[in-house]
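Read off the chains here:
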Amino acid sequence: MTDVAQQTPVRRTRASHLRAQVRRWWPYYLMLTPGIVYFVIYHYLPIWEAQIAFQQVRIIPPNFWVGLDHFRTLASSTVFFQVLLNTLIISAMKIAFVFPVPIILALLLNEVRASGLRRFIQSVIYLPHFLSWVVISGIVIAVLSPGDGAVNDLREFVGLEPRAFMTDIGAIRWVLVFSEIWRSAGWDSLLYLAAIIAIDQQLYDAAQIDGAGRWQKIRHVTLPGIVPTIATLFILNMGMFLSAGFDQVFNLANDVTLPAIDIIDTYVYRIGLQTGEYALATAAGLFKGVVGMAMILSAHVISRRLTGKGVW
Amino acid sequence: MATRAQQRTPLERAEYALIVSSLLLMVVLTLQPMLHLVAVSLSDPARVAGMNGLAVLPDGLSIEVWQLLVTHPNVQRGLWNSIVITGTGTLINVAATALMAWALAQKALPGRRAIFLGVLLTIVFEPGIIPDYFVMKRLGLIDSTWSVILYKAVNAWYLIILIRFFEEIPRELLEAAELDGANPFQTFFRVVLPLAKPALATITLFYMVFHWNEFFRAMIYLSDQTKWPLQVVLRQFVIEGDKLAMVGVQAMNDYTAASQINIRALKAGMIILTVLPILAIYPLILRFFTKGTMMGAVKG
C-alpha cells in the first residue's frame, strides 16, 4: 500500500515534468526537424547502407553475408596497393610543397605597408579558391597545352623542347601540386594573416626599440606568434591524409596518367559506379572512412593537447 | 611617413621591392591564365590557332564564340539548371541551417548534446559515395534534381559557426523579447535573424559558391543530360573533349559556322562563362568571407 502511495505522486510529477518540458521546448524541436531529417537521410542512411561492404551483392536479392572477404580481396590486390601508395605519395607531396606556401605568402603580405596595394593583391590571390576543379582543370589544360599553352611558349622562348605535361606520367603529380598551390595558397594565407594580425603590436614595438630589422622581427615575433596556427593546420592536414583531393584528380587525370594518380576516392568511383563492383568499392570506401576517422580523431586530440585548439 | 622612408637604407628598400615583386608575380600567375582565356574567346576565330599562350589581349575582335555559346541549347539548359539548383538549394541551406543552429544554441535543450555529437560524427566519418548513391536510388531520387539540391543541405561546419554566433547574442535582448510576449518563433525571426545578418550573409555566399561549383553529385545522380548543371556540361566539353556534344552532329556534317569555330576558343569561352557568376558575387564574397573566416578561425 505504502509503495503505491509513494509511487503515484512521483509518476505524476514525472509525467507533468515531461509535459512541461514538451510545452517549453516543442518549438525548438520543430526547428530542428528539417536539419535532423537531412542528416538522417544523407548521412545516417548511407552508414546503414554501407553494410554491403560485408555482403555479396546479387542481382536478385537477398544479398548474403561474406564477412571480411572484400577487405581480404583489397588487401591482396596489387591495384589497391598502388592506389593506396599514390594516395600517400600525393598527400605527402602536398604537405611538403603546398602547405608552406600560404605561410610564406602571409608573411610577405604582412610586410606590404601600402594598404591599397595589399588589398589588391589579396583580392586577386583569393579568387581561385572559389573556382570549381572543373574550371581549374580547364585552365590547367590550356596553360600546359603542348602547342599553345603559356608554359610551353615560355619553354620555347628559352630554347627548351615543349612537353605534354598532361599526358606525362612523370609530371602529372607535380601538376597536382602546382594546381593545388594555384588554387588554395592565396586563400589559405588568410588564416595565417588573421593570426599575424592578432599578435600584440607591443611585441613589435619592443623589437623595434631593441633595434630588430625586418627579418629579425619576422623570425622572433611573427613566426612564433603563428606557430599555434601552423601546428593546428598541419595536424588537420595530416588528419585528411587519405583524401588526396578527389575533385582535382578526377578532372586532371586521363587514361595515360591515371596509374600514377589513381587515389582511393577515384578508385572507389571507378570500380563502384563505372565497373559495378559495388561491394568491393564500398569496402574500399569504408576502409578509407574508418582509417580516416581514426586519423582525424587523433589529429583532434593531438591538436587540442598541443595548441588548445581542436578540429572543431 | 616621409621621414620613415628617408630613414630606410638602400638594402631595406631593395628588400621591400623584392617582397612586393614576388607578390605581384603571384598576382600575374593568378590572373594571366584567366585573362588569356577571355582574350582567346574574344579573338577573331581565324586567328586563334596562331595565338601565343602568353597573350592577354584578343587578336582581332569577335563575339562569334559568345554568340554560339549563349544560343547553344546545352549551355542554356545547363545555365538554367545551375540557377535553379543554386537558388533553391541555397534557400533550403540557409533556412535549415539557421533553424537548426538556433535550436542547438539553446544550452538547456534536452538532447542537445546527443544531436550535436550526431552532427560531429558526420564530419569525422563518411562511408563513401557508393552507399550515398544507393540511398538516393532507394529513395527514388536518382535522376531527380532534388538529390542534387538537397545534397549538403546542412553543412556541419557552417552549422557550428552559426551556433557559436547565436550563442554570443546577449541574453537580455532575448529576455526582453520574451517579456514582450514573443513566442520562440517570433524571437527567432524578429530578434535573432536581424542580429545575425552578417553571419547569414556569409553562409549564404558559402552555400551559393558550393552549389554553383558542385558537379560530381550531379554527374552521378543525374543520368538525364537535360538536367545537368553548367559544370557538368563544361566538364563533358572541356575535360572529356566532347566536341560533338558542343557543336552538334548536324553542324559538323553541314560544315556550318559552328563547326568552323576554333575549338580552343569555344572551350575558353565556356570556361569563362562558367566563372562569370562567381566573379559577379566576388566583391560581396570579399566583404563577408574575409570577416567570416576570421570569425570561424580555422574552420575554413
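On a predicted model such as this, the values are computed, not experimentally measured, just so you know.

This next bit is on the overall build of chain A. The number of helices and strands found in chain A is 14 helices and two strands. Relative to the 2.2 N^0.38 estimate, which gives 20 Å for 312 residues, the radius of gyration of chain A is 27 Å and therefore markedly larger than a compact globule would have. Relative to its full complement of 312 residues, chain A shows a buried share of 37%. In chain A, of all internal contacts separated by at least 6 residues, the share reaching a separation of at least 24 is 67%.

Along its length, chain B carries 18 helices and zero strands. By the burial criterion, 41% of the 300 residues in chain B qualify as buried.

This part is about unusual backbone geometry. All names here are of chain B. Here the phi dihedral of Asp143 falls at roughly 70 degrees; this positive angle occurs in a residue that is not glycine. By secondary structure assignment, the location of Asp143 is in the loop between α7 (129-138) and α8 (145-149). The phi angle at Lys152 is positive, at roughly 60 degrees, despite the residue not being glycine. Structurally, Lys152 is set in the loop between α8 and α9 (156-167).

Looking now at the interface of chain A and chain B. Contact residues are listed per partner, giving 67 residues for chain A and 78 residues for chain B. Counting residues per element, the side of chain A that touches chain B draws most heavily on helix α1 (residues 2-49) of chain A, at 16 residues. Taken together, the residues that form the side of chain A that touches chain B break down as 43 nonpolar, 16 polar and eight charged.

Moving on: the domain arrangement of chain B. Residue and element names in this part refer to chain B. What the domain assignment lists for chain B is domain 1 (2-62) and domain 2 (65-295). Between domain 1 and domain 2, the C-alpha centre-to-centre distance is 32 Å. With eight residues of domain 1 at the contact, the number on the domain 2 side is ten residues. Every element with two or more residues in the side of domain 1 that touches domain 2 is listed here: α2 (10-42) and α3 (45-48). Sort the elements by how many residues they give to the side of domain 1 that touches domain 2 and α2 lands first, with four residues.

Once that is clear, we can look at the domain arrangement of chain A. Many descriptions give the size of an interface as the accessible area lost when the pieces come together. Residues and elements named next belong to chain A. For chain A, the assigned domains are domain 1 (2-65) and domain 2 (70-307). Distance between the C-alpha centres of domain 1 and domain 2: 40 Å. In terms of residue class, the side of domain 1 that touches domain 2 is made up of four nonpolar, two polar and no charged.

Our next topic: the nonpolar core. Ranked by internal contacts, the top residues of the largest apolar core, which has 147 residues, are Ala284(A), Met100(B), Leu162(B) and Ile271(B). By residue number, the principal contributor to this core is helix α8 (residues 172-197) of chain A, which donates 13 residues. Setting aside residues no more than four positions away along its own chain, Ala284(A) makes contact with Leu74(A), Phe80(A), Ile264(A), Tyr267(A) and Val268(A).

Okay, the environment of Gln55(A) next. All names here are of chain A. Positionally, Gln55 belongs in strand β1 (residues 55-56). Assessed through the 19 C-beta atoms surrounding it within 10 Å, Gln55 is described here as partly exposed. Separated by 83 residues in sequence, Gln55 and Gly138 place their C-alpha atoms 40 Å apart. Other than its neighbours up to four places away in sequence, Gln55 contacts Asn63, Phe64, Trp65, Val66 and Ala279.

Before going further, it helps to examine helix α4 (residues 64-71) of chain B. Along α4(B), the residues classified as buried are Glu64(B), Val65(B), Leu68(B) and Leu69(B). Summarising the axial view, the buried residues of α4(B) lie within an arc of 130 degrees, below the 170-degree limit, and thus occupy one face.

Summarising the model, chain B shows a mean pLDDT of 88, and 88% of its residues fall at 70 or more. Every residue in residues 294-300 of chain B is under pLDDT 50, and counting partners more than four places away or in other chains gives eleven contacts.

What follows is about the packing of α8(A) against helix α10 (residues 214-239) of chain A. Residue and element names in this part refer to chain A. Between α8 and α10, the shortest axis-to-axis distance is 9 Å and the interhelical angle comes to 140 degrees. When the axis of α8 is compared with that of α10, the two are oblique. Here the hand of the crossing between α8 and α10 comes out right-handed. Residues Leu191, Tyr192, Ala195 and Ile196 of α8 lie in contact with α10, whose contacting residues are Thr222, Gly225, Ile226, Thr229 and Leu233.

With that settled, consider the environment of Gly149(A). Along the polypeptide, Gly149(A) turns up in the loop between α6 (133-144) and α7 (150-157). Note on Gly149(A): 25 C-beta atoms within 10 Å, which makes it buried. For Gly149(A), the residues in contact, after removing those within four places along its chain, are Ala142(A), Val143(A), Leu144(A) and Gly53(B).

The rules behind each value
- Residue indices follow the written sequence of each chain, beginning from 1 at its first position.
- Chain letters start at A and ligand numbers start at 1, both assigned in the order the entries are written.
- Where totals are concerned, whole chains, interfaces and linings use all residues; where local detail is concerned, this predicted model gives features only for residues with pLDDT of at least 70, and gives and counts side-chain atom pairs only at 80 or more.
- Each helix is a run of H or I in the DSSP string that is no shorter than four residues. Each strand is a run of E no shorter than two, and both are numbered from the N terminus.
- Between the two quantities, the radius of gyration covers C-alpha atoms and the globule rule is 2.2 Å times the number of residues to the power 0.38.
- The exposure label follows from counting other C-beta atoms within 10 Å of a residue's C-beta, where the C-beta atoms are placed from the backbone and the thresholds are 20 or more for buried and 12 or fewer for exposed, leaving partly exposed in between.
- Contact definition: two residues whose C-beta atoms, as placed from backbone geometry, lie within 7 Å.
- All residues other than Ala, Val, Leu, Ile, Met, Phe, Trp, Tyr, Cys, Pro, Asp, Glu, Lys and Arg, Gly among them, are scored as polar; the first ten of these are nonpolar and the last four charged.
- Either an automatic procedure or a domain database provided the assignment from which the domain bounds are taken.
- Under the definition applied here, buried Ala, Val, Leu, Ile, Met, Phe, Trp, Tyr and Cys residues are grouped into a nonpolar core through C-beta atoms within 7 Å.
- By definition, the arc is the one covered by directions from the helix axis to the C-beta atoms.
- Here pLDDT means the predictor's own confidence in every residue, given as a number from 0 to 100.
- As a rule, the C-alpha atoms of each element are fitted with a line to give its axis, helices using only the stretch in contact, and angles between N-to-C directions run from 0 to 180 degrees.
- In these notes the angle categories are as follows: under 35 degrees is roughly parallel, over 145 is roughly antiparallel, 65 to 115 is roughly perpendicular, and the rest is oblique.
- Less than a right angle of anticlockwise turn of the near helix away from the far helix marks a crossing as left-handed, whereas a clockwise turn marks it as right-handed.

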